[in-house]
Amino acid sequence: MTGASTPTHCPYCALQCAMSLTASPAASSAGSADAPSAPVTVAGRDFPTNRGGLCKKGWTSAELLRAPSRLLAPLVRGEDGELHESGWDEALDLVAARLRGIRASHGADAVGVFGGGGLTNEKAYQLGKFARLALGTSRIDYNGRFCMSSAAAAGNRAFGVDRGLPFPLEDLDGAATVLLLGSNPGETMPPFIGHLAGAQAAGGLVVVDPRRTATARLTDDGKGMHVQPAPGTDLVLLLGLIHLVIAEGLVDDEYVATRTTGFDGLRRSVAAWWPERVQSITGVAALTLRRLARRLASGAPTFILTGRGVEQHVDGTDTATAAINLALLLGLPGRPGSGYGTLTGQGNGQGGREHGQKCDQLPGYRKITDPDARAHVARVWGVAPDVIPGPGIPAVELLQSLGRPGGLRALMVHGSNVVISSPNAGAVRHGLESLDFLVVCDFFRSETADLADVVLPVAQWAEEEGTMTSLEGRVIRRLPALDPPEGVRDELWILHELARRLDAPSVFHVRPEDVFEELRLASEGGIADYSGIDYAMLDAGEAAYWPYPRGSRGTPRLFADRFAHADGLARLVSVRVRAEVEHPSPADVLTLVTGRLLEHYQSGAQTRRVPELADAQPEALATVHPATAARFDIRDGDTVELVNSRGVVRCRARLSTDIRPDAVFVPFHFAGLQTANLLTSDAVDPVSAMPEFKTNLVSIRPISEAVA
Ligand SMILES: Nc1nc2c(c(=O)[nH]1)N[C@H]1C(S)=C(S)[C@@H](COP(=O)(O)OP(=O)(O)OC[C@H]3O[C@@H](n4cnc5c(=O)[nH]c(N)nc54)[C@H](O)[C@@H]3O)O[C@H]1N2
Ligand SMILES: Nc1nc2c(c(=O)[nH]1)N[C@H]1C(S)=C(S)[C@@H](COP(=O)(O)OP(=O)(O)OC[C@H]3O[C@@H](n4cnc5c(=O)[nH]c(N)nc54)[C@H](O)[C@@H]3O)O[C@H]1N2
Ligand code: SF4
Ligand SMILES: [Mo]
C-alpha cells in the first residue's frame, strides 16, 4: 500500500473534507519509532463540501500516524501502580476475566461502555451490539450526548427524523440569507465558509454569537449582521422573532396550514414576547429584531442553521425547537433553495447517532423499547429479543454513576477523553478513579487513558477502512492508505476477540465490509435505513444520502412533500422559558462561555500532539473584555483564577473587545488546571440529557503565581 494515492476523508470534523493520502516508501516500515515524520502526505481533494480545501488540522493530520507518543502495545497497570507494556493475549484475557468477574458479583449493568462520534459506522454499530450481547449491559452511551442530543431531540420532535442537514451543503450556495445561531464555522469548519459567500455578498449573513468570532467578522463589511445576545438568552431571542413574524403578518400561511400542526398553541405561547421585552433580556435592540425578522421573511432563498452555542444548554432542546418553529413559520424546511439544519460536529457525529451506541437505541435509529424494533434486530443478531437489554442511561448520568452504589464498577471507553470533555470534569475524574476496572481504547495516552487499568492501542483513520456519515447525511468511504504499526490493532478485531472470550451469543465480524453488510440488514426499515448502500457503489463515487432503502436511490433532500411523522406534518411545539433557567449577572460574577479554537480538536488529545498546532495555541487563554478586566484589575497576560462551586481553572488572560463585558470565554481543549470543564455544570436538559456547557457562572481574579 505505498506510492499510490488513496482517496479518503479527514479524521476530524463532520465536514469530512475529502483528501488524498500518498504513502511514502518508508511507511511500509510501519512501527519503527525512529521514523517520526509523517508517513503519508496529505492533499486536499475536490468534493462538494470542501472543494479541495482543508483546514490546518486536516493538513497536519498525518503527523499523528507516527507521533512519538503513539501507543504501540497494550498497557496494563501493574502492582506498582504504573502502566506497563504487555502482549495482546495477556491484555485481552485480563479484560475478559475482570469484566466477567465484575458482572458475576455486581450484575451486568455494573459494566458500562462509553462510545464516540468519531468511530466509523461499523465500529459504532459493533460497539452497541457488543455492549448488549457480549456484556449483556444496558449501560452504553456516548459523547454525542454532549454534542448533538438537543438538536436531535428537537428534530425528532418537530420533523419525526433527525438528519442534521436535510439537504446537501451546496444548496447554501444560492442563499440570500443565512442565519447562523451559535455556530462558528469560520473556526470549526473553515472550508464551509465558502458556502456562505453568496449570502455574504447579498448582505444576508447573520451571525448570532455573544463573541465576535471569525465567523461574525465575515459581517464586518457592514452588509450582514452580527447579533450579540447575552449568553444563554437565545430562546428569548427566538421567541421574540417568532412573535414579530406573527405580529407583522410575515407567516407563510399556506405552508403552515398544509404542512404543520400546532400553530394556535404556538401563537398564544409567544404573545407576551414583544420586542422591547426581548431587548431587555437579550440586550439585542428591538430595531435589530425587526430588521432581522423582515430579512428572514423576504421570500428569497433563506436558511436557518444552529450550532452548539444555542444547543449546549439546559434549555437546548427548547431553543433548537424555537429555531425550527421560526423556520416552519417562514415555510423554509423542504422549500427548494431554503431550509433548516444543524451543523453536526464530530467526524461521524451523524452516523454515530444512528446505529446503536445510544442508550435508548438500536441500529437504524430504532427505539430499543419498541417490540418490533427489538424483534427485527434480534433476528439479524441471531438471538431471542429478550436477550437484548432494555434502555440504559444517558452519558452524564452514566458518568455520575461511576463507582456509586448501584452504579458502574467497570467502564470501557472507545473514542472519548471524558476527563477533559465532560461537564463537571473534576467529579468525572474522581468517579473514574473509584472504578474497579477501566479499559480505554485509544491511539495515545489521553488524560482518560492515564487513569485506565488497561489501555488498548487502536488503528488510526488512515490505517483502517469503513464508512462515515457526514453532516449532510451522506455516507462516505474511508480507505486505508497504509498498514497500522505493529502492535496496534483494529477496534473491530478487539471487539471480536473480547466477544469470543466472553462467549457472546452472536457473530462479531472483523472485516469492516462484513460488519457493514450486517448493519445494512439491521437498519433496514428503520428511520436511518442504509440497506440500499454497499461499499462498491460508494467506491464508484455514488453520493449516498440516507434514507437509502434497498432498491431506491437515496435521499439528498428530505421534506419536499412530507415530514417523517405518520401524518406527514411537522409539529410546531410550543416552548416556554422555564423559571429555573436563570441568567443572572450580579456584578461580581461573569458568564463562562466555552467553545473551540481553529487549531485544536475537542479534548485536544490529538491536536495538542501536533507541533504546528500546539505551537500556534499552546495554552488556554481566558478572553476578557478590557472594561471587565479593568474592573477586576486584570492586565493582558496576567494569570487569572476562575472559580465556582465545582472547581478552579488557572490560565492567562487575553483582553479583547470581541467578547461581551458580562462574559469570559475559555476553550475546552486543554488539560490540568486549564480544563474549562472543571467549572461546567452537569445539570442536563430534561428532554435530551445534554449538559450545560455554554453558560456557567464564575468569579474571576488575577493571581500572582505562574500557570501550572
Ligand atoms: N477547530 C475545531 N473544529 C471543530 C471541533 C473542534 O473541537 N475544534 N469540534 C467539532 C465538533 S464535535 C463540533 S460539535 C463542532 C462545533 O462547532 P460550533 O458549534 O461552531 O462550535 P463552538 O465553538 O462549540 O460553539 C459555537 C459558538 O457558540 C457561541 N456561544 C456560546 N454560548 C452561546 C450562547 O449562549 N448563544 C449563542 N448564540 N452562541 C453561544 C460561542 O461563542 C461559539 O463561537 O465543531 C466541530 N469542528
Ligand atoms: N466545555 C465544553 N465541553 C465540551 C464541549 C464544549 O463546547 N464545551 N463540546 C462537547 C462536544 S460537542 C463534544 S463532541 C465532546 C468531544 O470530546 P471527546 O469525546 O473527548 O472527543 P475527542 O477529544 O475527540 O476524544 C476522542 C478520543 O478518542 C481517541 N480516538 C479518536 N478516534 C478514535 C477511534 O476511532 N477509536 C478509539 N478507540 N479512539 C479514538 C482520540 O485520540 C481521543 O483521545 O466534547 C464536549 N465537551
Ligand atoms: S474542516 Fe473539519 S474535515 Fe475539513 S480539514 Fe478541517 S477538521 Fe478536517
Ligand atoms: Mo461535538
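Residues numbered from 1 in each chain as written. Chains lettered and ligands numbered in written order. Predicted model: local features only at pLDDT ≥ 70, side-chain atom pairs only at ≥ 80, totals over all residues. Heavy atoms only, no water.

Engineer: Would you mind showing me how to read the overall build of the chain here?
Structural biologist: Across its full length, the chain carries 22 helices and 30 strands. Scaling as 2.2 N^0.38, a compact globule of 708 residues should have a C-alpha radius of gyration of about 27 Å, and the chain matches this with 24 Å. Each of the three principal axes of the chain carries a C-alpha extent, and together these read 70 × 65 × 55 Å. Residues classed as buried in the chain amount to 63% of the 708 residues present. Partitioning the intrachain contacts of the chain with sequence separation of at least 6 by distance along the chain shows that 74% fall at a separation of at least 24. Of the accessible surface of the chain, which amounts to about 23500 Å², a share of 52% is contributed by carbon and sulfur atoms. Averaging the positions of the 68 positive and the 81 negative side-chain charges in the chain gives two centres separated by 4 Å. (Helix = DSSP H or I, 4+ residues; strand = E, 2+ residues; numbered from the N terminus. Rg over C-alpha atoms; globule rule 2.2 N^0.38 Å. Buried < 20%, exposed > 50% of the residue type's maximum accessible area, 1.4 Å probe, protein only. Contact = heavy atoms within 4.5 Å. Areas by Shrake-Rupley, 256 points an atom, 1.4 Å probe, with all protein chains shown as cover. Lys, Arg positive; Asp, Glu negative; His and termini not counted. Charge placed at Lys NZ, Arg CZ, Asp CG, Glu CD.)

Engineer: Which parts of the structure should I look at to understand the pairing of strand E24 (residues 621–624)?
Structural biologist: Regular strands have side chains that alternate between both faces of the sheet. Of the pairings in the sheet, the one linking E24 to strand E26 (residues 647–655) comprises four bridges and is parallel in character. By the bridge assignment, Val-624 is partnered in E26 with Leu-655. With two bridges joining them, E24 and strand E27 (residues 663–667) adopt antiparallel strand pairing. Paired with Val-624 across the two strands is Val-664, which belongs to E27. (Pairing = 2+ DSSP bridges.)

Engineer: How should I be thinking about the site of ligand 2 in this particular structure?
Structural biologist: Residues in close proximity to ligand 2 total 30 residues, the closest being Asn-143, Ser-416, Asp-442, Glu-491 and Ser-603. The contact in question runs from an oxygen atom of ligand 2 to an N or O atom on the side chain of Asn-143, over 2.7 Å. Contact distances for ligand 2 include 2.9 Å between a nitrogen atom and a backbone N or O atom of Cys-441. Protein contacts shield 96% of the accessible area of ligand 2, which totals 920 Å² for the unbound molecule. Grouping the amino acids of the shell around ligand 2 by side-chain chemistry returns 10 nonpolar, 15 polar and five charged. (Near = heavy atom within 4 Å. Polar contact = N/O pair within 3.5 Å; in protein donor to acceptor, adjacent residues only side chain to side chain. Nonpolar A, V, L, I, M, F, W, Y, C, P; charged D, E, K, R; others polar.)

Engineer: Would you mind going over the pairing of strand E23 (residues 590–595) with me for this structure?
Structural biologist: Counting buried positions over the six residues of E23 gives six, a clear majority of the element. Across the two faces of E23 the burial is the same, with Leu-590, Leu-592 and Thr-594 and Thr-591, Val-593 and Gly-595 all buried. For E23 and strand E30 (residues 696–703), the ladder comprises three bridges, and the chain directions are antiparallel. The residue of E30 that forms the bridge with Thr-591 is Leu-697. Pairing geometry for E23 and E27, over five bridges, is parallel. Following the sheet pairing, Gly-595 is matched in E27 by Pro-667.

Engineer: Just checking my understanding: could you explain the site of ligand 1 for this structure?
Structural biologist: Lining the immediate surroundings of ligand 1 are 33 residues, of which Asp-209, Asp-234, Arg-596, His-600 and Gln-602 lie closest. Within the backbone of Arg-308, one N or O atom sits 2.9 Å away from an oxygen atom of ligand 1. Note that an oxygen atom of ligand 1 is positioned 3.3 Å from one of the side-chain N or O atoms of His-313. Relative to its unbound accessible surface of 910 Å², ligand 1 loses 99% to contact with the protein. Elements with a contribution of two residues or more to the shell around ligand 1: helix H5 (185–188), helix H12 (308–311) and E23. A breakdown of the residues in the shell around ligand 1 according to their chemical character gives 10 nonpolar, 15 polar and eight charged. The residues that make up the shell around ligand 1 include at least three from each of domain 2 (149–342) and domain 3 (590–702). (Domains from an automatic or database assignment.)

Engineer: Looking at this structure, I do not really get the domain arrangement of the chain. What am I missing?
Structural biologist: Quite often, the size of an interface is put as the accessible area lost when its parts meet. In terms of domain boundaries, the chain breaks down into domain 1 (88–146 + 349–462 + 483–508), domain 2 (149–342) and domain 3 (590–702). The C-alpha centroid of domain 3 is placed 26 Å from the C-alpha centroid of domain 2. Listed as interface residues are 27 residues of domain 2 and, on the opposing side, 23 residues of domain 3. Both sides of the domain 2 and domain 3 interface together cover about 2000 Å² of buried area, and 57% of this is carbon and sulfur. Sorting the residues of domain 2 by area buried against domain 3 places Arg-211, Gln-312 and Val-314 first, and these three jointly supply 33% of that buried surface. Our count for the contact surface shared by domain 2 and domain 3 stands at two salt bridges. The closest approach of N and O atoms between Arg-217 and Asp-658, which form a salt bridge, is 3.3 Å. (Buried area = accessible area lost by both parts, 1.4 Å probe. Salt bridge = Lys/Arg side-chain N within 4 Å of Asp/Glu carboxyl O.)

Engineer: I keep staring at the sheet that holds E27 and nothing clicks. Help me out?
Structural biologist: If you trace the six strands once around the closed barrel, you get E23-E27-E24-E26-E25-E30, paired in mixed fashion. Averaged over all neighbouring strand pairs, the angle between strand axes comes to 45 degrees, with direction disregarded. (Axes fitted to C-alpha atoms, helices over the stretch in contact; angles between N-to-C directions.)

Engineer: What is the right way to look at the side chain of Ser-603 in this model?
Structural biologist: Positionally, Ser-603 belongs in the loop between E23 and helix H21 (611–616). With a relative accessible area of 7%, Ser-603 lands in the buried category. A distance of 3.0 Å separates the side chain of Ser-603 from the side chain of Asn-417, its partner in a polar contact. Once residues lying within four places of it in the same chain are set aside, the contact partners of Ser-603 are Asn-417, Ile-420, Ser-421, Arg-608, Phe-668 and His-669.

Engineer: Just to check I follow, could you spell out the environment of Arg-654 for this structure?
Structural biologist: Along the polypeptide, Arg-654 turns up in strand E26. Arg-654 gets classed as partly exposed once you look at its relative accessible area, which sits at 34%. Along the sequence, Arg-654 and Glu-187 sit 467 residues apart, while their C-alpha atoms lie 18 Å from each other. Ignoring any residue separated from it by four or fewer positions in sequence, one finds Arg-654 in contact with Leu-621, Ala-622, Thr-623, Val-624 and Asp-636. Among the polar contacts listed, one links the side chain of Arg-654 to the side chain of Thr-623, at a separation of 3.5 Å.

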